[in-house]
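Tertiary structure, described
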Amino acid sequence: KLDLKDRGPILQRLGDDIEAYRDEHNGYVPREIFQETLRIGGKDHCAEVVVRQVDKNGAVTGYWLKARGGDELGWEHQYQVVGCSLTGNEGDEESIKTRLAKEVFGIADPTRLATAKRLGQTLHSEANAGRARACRTEVYAIDVQSEYELAGNGEGWRLFRLEDLDEKVVDHHHNTL
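Nothing here was measured: the structure is a model prediction, and the numbers come from that model.

Reading the values: rules and limits
Residues numbered from 1 in each chain as written. Predicted model: local features only at pLDDT ≥ 70, side-chain atom pairs only at ≥ 80, totals over all residues. Heavy atoms only, no water. Core = buried A, V, L, I, M, F, W, Y, C linked by side-chain atoms within 4.5 Å. Buried < 20%, exposed > 50% of the residue type's maximum accessible area, 1.4 Å probe, protein only. Helix = DSSP H or I, 4+ residues; strand = E, 2+ residues; numbered from the N terminus. Contact = heavy atoms within 4.5 Å. Patch = residues over 30% accessible without salt bridge, like charges linked within 9 Å, V, L, I, M, F, W, Y side chains within 5 Å. Areas by Shrake-Rupley, 256 points an atom, 1.4 Å probe, with all protein chains shown as cover. Salt bridge = Lys/Arg side-chain N within 4 Å of Asp/Glu carboxyl O. Phe/Tyr/Trp six-rings, centres within 6.5 Å; stacked < 30°, edge-to-face > 60°. Lys NZ or Arg CZ within 6 Å of the ring centre and 35° of its normal.

Within the largest apolar cluster, 20 residues are counted, with the highest numbers of intra-cluster contacts made by Val49, Val51, Leu100, Val104, Leu113 and Trp157. Within the residue set of this core, elements represented by two or more residues are strand S1 (43-54), strand S4 (82-86), helix H3 (93-105) and strand S6 (134-144). It is H3 that provides the largest number of residues to this core, a total of five residues. Among all residues touching Leu100, those that are not within four sequence positions of it are Ala47, Glu48, Val49, Val82, Gly83, Cys84, Leu113 and Tyr140.

Quick look at the structure:
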């Protein structure tokens, strides 16, 4: 058995292979090895957008959260603040807002988030969700007046008030909101 410090050449080759694959696939790795690459890397950078329901006076009356699918690792069928992991190829503000706009509005148009406010950063561990990583997340907020502004005309979305947050909502998103 090799001591961990003696595995440098093995890790170097593995790292080169993963990097080459990511270069050819817009920063992604196959789903089958996604968890292991996170375990090795140990951290991730993400961006999220809090979708706030506002009344005609601009007062926040709730938060729109999107249902996760059954194939989502760790938080199957729970509601979430919309977000995305950022790969090595996606770090500029326009590419982040393009991905978030597609999730929120169904259109990959970063100008749809032109009025988004940057709220700050969160840092959380995802170990309890079967992911061995820490995630640093840039958090934005956007205001809407109707679910019909959202992707799918609100289908798959649910409006929550802070006092309604429960086990149906991804655990660390309680703190984000």
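A cluster of nonpolar residues, Leu11, Leu14 and Ile40, forms a patch on the protein surface that exposes about 270 Å² of accessible area. Among the residues examined, Leu11 registers a relative accessible area of 43% and is labelled partly exposed.

Next up on the list: the pattern of salt bridges. Under the counting rule described, the total for this entry stands at eight salt bridges. With a closest N to O distance of 3.7 Å, Asp143 and Lys117 form a salt bridge. Of this pair, Asp143 sits in strand S6 while Lys117 sits in strand S5 (residues 117-125); the two residues are 26 residues apart in sequence, bridging distant segments of the chain. Note on Lys117: relative accessible area 41%, which makes it partly exposed. Its salt-bridge partner being Arg118, residue Glu138 comes within 2.8 Å of it at the nearest N-O pair. Placement of Glu138 in strand S6 and of Arg118 in strand S5 is noted, with a sequence separation of 20 residues between them. One connected set of salt bridges, linked through shared partners, spans Arg52, Lys117 and Asp143.

Time to look at the packing of aromatic side chains. As enumerated under the stated definition, the model contains one aromatic pair in all. Taking the ring centre of Phe105 as reference, the NZ or CZ of Arg112 above it sits at 4.3 Å. Arg158 extends its terminal NZ or CZ atom over the ring of Tyr79, reaching a point 5.7 Å from the ring centre.

Take unusual backbone geometry next. Within the chain, Asn153 stands out as a residue other than glycine whose phi angle is a positive 55 degrees. Position of Asn153 relative to the elements: it lies in the loop between S6 and strand S7 (157-160).

Turning our attention to the environment of Ser85. Position of Ser85 among the secondary structure elements: in strand S4. On the basis of relative accessibility, which here comes to 25%, the residue Ser85 falls in the partly exposed class.

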